[in-house]
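# Overview (structure and organization)
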Amino acid sequence: MASTLPQLQFGRLRGVRAKLLRRYEHRPLVSCLAGLYSCRWGRYERGCTQPGDCCCNKLEGVSFALLVTSFCLTLVFLYFWGQAKNDYNDFDWFNFGNLGFWFPWSVVLLVIAAGFFTYITVLMLLAVCLLSEGQKLYLHWSHKIGILVSLTFSVVATAVLSDLWSKEWKTLLLSFQVTAPFLHVGGVLLVTVLAWPIALHFFRMNSRVRRGLIMGVYLSILSALYLVPLGLYSPCIKEDGSLGPAPALIGHRGAPMLAPENTLMSFQKAVEAGSHGLETDVTISVDGVPFLMHDHTLRRTTNIHQVFPNRTDTPAAMFTWAELESLNAGAWFLSHNPFGTAGSLGAEDRVQAGKQSVCTLQAFLQLAAQRDKLVIFDLYRPPRGHPYRDTWIQRTLEVIQNESSIQSSRVLWLPSDLRALVQEIDPDLQQTSSSRLPLEELQSNHIVKLNLHYSSMSSELTSEFAAVNISTNLYVISQPWLYSLAWCTGVQSVTTNAPQLLNAMSSPLFLMSPDQYNLMWILTDLVSLILIIIIFIFHWWRERGLAFSSGSKITLDNGTYSKFKTEMSDIWSVSSTNSQAEKTPSLATMTEH
C-alpha cells in the first residue's frame, strides 16, 4: 500500500502535465475557420492531422502553393500601384488621349487591386490559422476559382503596365529607399508569426527529408530577412544636423489640384500655397499671341467640342487668339475632377473656376513679376504652315522683354533650340537644361539649372552638379514620400501638383539617424529570434509530452485518471482477497479437523 502512494502521486503529476499539454480544440473557432475556407461547416474534426501526416493531399498542396503565389503577386502589384499614385493624373490623361473620354482608371485599378489583395489575404490567414490548429486544408472550389482570377489579374496588369508605363518601376525602386527599413520590420514580423504552424508540423513529421526541406526553406528566408539591412541604402538615414533645406516648390501648371491647370486662378492658388516658382507650357496662336496650353489639341481642357465641334482635333496653335479667348478653360475641371479635389472647393472658388479662360504668356509673366516668382516653361514649336513656325523663339522673347515687366533673371529658359542665339539676345536668362549632359557641355552652354524627371534622383548626381554651381529641379513630385526623398538627396527644387500639401511638411518622412536605424534593425532581429526559439522549444516540449502521455494511455475520466483508478481497484481487490483468506479456513484445514 505504501509503495503505491508515490506511484499514484507521480501519476497525478503526469496527468497534470498531460492536461497542460493537451490540445484544447477551439470547436466554434475552428468550425468557423474551416467553414469559411472549405465550406465544411461542422465537419472540421474529420480533417484533423495525425502525427506523421501531411497537412493536405497533393491537390490541396497545389492549391495552397497557388494561394501563396497569388498573395505575393497581389501584394507586389498593390504596393507597386500604391507607390505610383504620384503619376495617377498622367495615367488617366494618357487613357483619355487614347479612349477619347475621361474616367478615373487609376483609382478603379487601385480599388480592384486592393479588393483582390484583401480577399487573398483573408484566405491566407484562414489557411495559417487552420494549420496552426493542426487541421487539414480543403479549399473550396469557388475559392480556387477566385485565386486563379486574382492571379491572372495581377499577372496581366503587371505585364500591361510594364509595357506601357515601364518608367514606374523606377518609382518602385525609389520607394524602397524610404520604406525598406519598415518593410524589413514587417517581413520579419510575418516570418516570426509563421514559426508557429511551421514548428507544429515540423515536430509532427516522421520523414526526415520533409523536416529538412521545411527547415531549410524557412531558415533560408529568415536568414535573408535578418541580413537584408546590410544591403539597404536610404538617403533619409542621416546624421543629425546633416539635412539640408527643403526643396523650393514650383507649381506645375499652377496648383492643378485647386484650380484648372494653366489658368490665372491656378497660378494665384500656387502663389497662395507658398510656391517659389511657376511652371507652364507655351505655344503660339496663328496670329502670334503666345498662350498657355500643354496639350497638342484643345479637347481636354476647353469646351471646344461645343464652340468649334468640327475642329476638336485641330492643333491648338492653329487658332486665332480671338477664337481661343472665346473658349471656357475651367468648366472641365469641375466636371472631370481630375484629382478628386474639386469637391473641397468653396462656392466662390467653384464659380471662379468655372469661368476661367485660356491664359496668355503675357498675363502669366505679369502675375509672376508682381509676386516676384521664378518662371519656367516648355515652348512648343508651331506645326508646319504656321506663320511663326521659324520665329517662335524670337516672338516669345519679345513678350518677355517688351510686353511684360518680369526681370529676365527670373526666367528659367528651358528650350534648347537656338540656345546660343537666345543667350546673345538676352544674356540675363537663367539657362536651364532638360538633359543630363556632360559637365563640360553644360558649362559651355552656361547652364545653371537641370530640369530632370524625378526618376533621375540620386544624391551623387545632385552633389556632382552642385559642386559646379548647377542646381537640380525634379518634376513632377506631388507625394510626400517622394518629396521627402528629394529633400534627403539634397535637391534644390521640385515641380509639383500639390504645393499646398508639400509646403506644410516641416521635415522629411522616414528620417532617422544611423544609430536609430541600427537599433531598430538589431532589436527587430533579436526579438524575432528569441520568439522563434521559444516557439520551437514549446512545440518540441508539447509534442514530446503528448507522445509520452499517449504511450502511457492517460485519459481524463471525470477529473481522475482511469489508469491509476484501475490500478487502485486492483490493489484493493487483492487486499480484500487476502484478508478474506486469512479469516476463512481453507477446505484442507477443515478436513483435517
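Sequence order as written defines the numbering, with residues in each chain counted from 1. Only residues with pLDDT of at least 70 are given local features in this predicted model, and only at 80 or more are side-chain atom pairs given and counted; all residues enter the totals for whole chains, interfaces and linings. Heavy atoms throughout the structure, all of them, feed into the side-chain values; hydrogens and water do not.

## What to know about the packing of aromatic side chains
Centres within 6.5 Å are what make two rings of Phe, Tyr or Trp a pair, Trp counting through its six-membered ring; a difference in plane orientation under 30 degrees is then read as stacked, over 60 as edge-to-face, and the rest as tilted. In total, this model carries 28 aromatic pairs according to the counting rule given. Ring centres 5.1 Å apart and planes at 35° place the aromatic pair Phe116 and Phe153 in the tilted group. Taken together, the residues span a long stretch of sequence, with Phe116 in helix α5 (residues 105-132) and Phe153 in helix α6 (residues 141-164) at a distance of 37 residues. Summarising the aromatic geometry, the rings of Tyr218 and Phe536 are spaced 6.4 Å apart at their centres and angled 40° between planes, so their arrangement reads as tilted. Of the two residues, Tyr218 sits in helix α8 (residues 208-227) while Phe536 sits in helix α21 (residues 514-552), which places them 318 residues apart along the sequence. Burial here depends on accessible area, computed with a 1.4 Å probe over protein chains only, as a share of the maximum for the residue type. Under 20% is buried, over 50% is exposed, and the range in between is partly exposed. You can call Phe536 buried: its relative accessible area is 12%. Among the aromatic residues, those joined into a ring-pair cluster are Phe77, Phe80, Trp81, Tyr88, Phe91, Phe116, Phe153, Trp165 and Trp169. A cation sits over an aromatic face here: Arg300 above Trp93, 4.5 Å from the ring centre. The rule is short: NZ of Lys or CZ of Arg within 6 Å of the ring centre and within 35 degrees of the ring normal puts a charge over the ring. A cation over a ring is seen here: Arg300 above Trp332, with NZ or CZ 6.0 Å from the ring centre. By the criteria applied, helices consist of DSSP H or I runs no shorter than four residues and strands consist of E runs no shorter than two, each listed in order from the N terminus.

## A short note on the layout of surface pockets
In this model, the largest pocket occupies a volume close to 1,800 Å³. If you tally residues by element for the lining of the largest pocket, the top one is helix α7 (residues 168-204), at 14 residues. Along the lines of polarity and charge, the residues of the lining of the largest pocket split into 36 nonpolar, six polar and two charged. Here a cavity is any set of points on a 1 Å grid over the protein atoms alone where a 1.4 Å probe fits but cannot get out, and a pocket is any open set with protein on both sides within 12 Å along at least 5 of 7 lines; a residue lines the site when it has an atom within 4 Å of a point. Grid points are joined across faces, edges and corners, and a volume is the space filled by probe spheres set on the points. Residues are grouped as follows: Ala, Val, Leu, Ile, Met, Phe, Trp, Tyr, Cys and Pro are nonpolar; Asp, Glu, Lys and Arg are charged; every other residue, Gly included, is polar.

## Observations regarding the nonpolar core
Among the nonpolar cores identified, the biggest contains 31 residues, and Tyr37, Leu67, Phe77, Trp81 and Leu161 are the most heavily contacted of them. Breaking this core down by element, the ones donating at least two residues are α2 (27-38), α3 (58-83), α4 (88-99), α5 and α6. Considering each element in turn, this core owes the most residues, ten residues, to α5. Beyond its immediate chain neighbours, meaning those up to four positions away, Tyr37 contacts Phe64, Leu67, Leu123, Leu126, Ala127, Leu130, Leu137, Tyr138, Leu139, His140 and His143. In terms of nonpolar packing, the next biggest core, distinct from the first, is built from 28 residues, Ala270, Leu292, Trp413 and Val422 among them. What is meant by a nonpolar core is a set of buried Ala, Val, Leu, Ile, Met, Phe, Trp, Tyr and Cys residues, joined one to another through side-chain atoms within 4.5 Å. By the convention used here, residues are in contact when the closest approach between their heavy atoms is within 4.5 Å.

## Points about the state of the cysteines
The definition used for a disulfide is geometric: two cysteine sulfur atoms within 2.5 Å. Evaluated as defined, the whole model comprises one disulfide. Bridging Cys236 to Cys488, the disulfide has an S-S length of 2.3 Å. Measuring handedness by torsion sign, the sulfur bridge of Cys236 and Cys488 sits at about 100° and is right-handed. On the criterion of sequence distance, the pair formed by Cys236 in the loop between α8 and β1 (248-252) and Cys488 in helix α19 (residues 480-489) is long-range, its members being 252 residues apart. Judged by relative accessible area, which is 0%, Cys236 ranks as buried.

## Here we look at the packing of α7 against α19
Axis angles are defined between N-to-C directions and span 0 to 180 degrees, where every axis is a line fitted to C-alpha atoms and, for a helix, only to the segment in contact. The N-to-C vectors of α7 and α19 enclose an angle of 70°; their axes lie 10 Å apart at closest approach. Considered as vectors, α7 and α19 are oriented roughly perpendicular to each other. Here α7 contributes Thr171, Leu174, Ser175, Gln177 and Val178 to the contact with α19, which in turn contributes Trp481, Leu482 and Leu485. The cut-offs work like this: below 35 degrees is roughly parallel, past 145 is roughly antiparallel, 65 to 115 is roughly perpendicular, and the gaps in between are oblique.

## Re empty space enclosed by the protein
Under the counting rule described, the total for this entry stands at three cavities of 30 Å³ or more. Lining the largest cavity are Glu261, Asn262, Thr263, Leu292, Met293, Thr301, Ala329, Trp332, Ser357, Val358 and Cys359. Per-class residue counts for the lining of the largest cavity are six nonpolar, four polar and one charged.

## Quick notes on unusual backbone geometry
Across the junction of Tyr475 and Val476, the peptide omega takes the value -25°, indicating a cis bond. Within the fold, Val476 resides in the loop between β8 (471-475) and α19. Not every positive phi belongs to a glycine, and Leu418 is a case in point at roughly 50°. Take Leu418: it is sitting in the loop between β5 (411-413) and α16 (419-425). The class of Leu418 is partly exposed, set by a relative accessible area of 41%. Although it is not a glycine, His446 adopts a positive phi angle of roughly 60°. Relative to the helices and strands, His446 is located in the loop between α17 (439-444) and β7 (449-453). Assessed through its relative accessible area of 53%, His446 is described here as exposed.

## Re helix α15 (residues 392-402)
Taken residue by residue, α15 has Trp392, Ile393, Arg395, Thr396, Leu397, Val399 and Ile400 as its buried positions. Where α15 is buried, its residues touch β2 (277-284), β3 (290-292), α14 (361-371), β4 (374-379), β5 and α16.

## Structural notes on the pairing of β2
Across the eight residues of β2, eight count as buried, placing the element largely inside the fold. Of the two faces of β2, both are covered, the one formed by Gly277, Glu279, Asp281 and Thr283 as well as the one formed by Leu278, Thr280, Val282 and Ile284. In short, DSSP must find at least two bridges between two strands for them to pair. Pairing analysis gives three bridges linking β1 to β2, with the strands arranged parallel. If you follow Gly251 over to β2, its bridge partner there is Leu278. As judged from the six bridges shared by β2 and β4, these two strands associate in the parallel manner. By the bridge assignment for β4, Leu278 is matched with Val375.

All we've got here are geometric facts, nothing functional implied.
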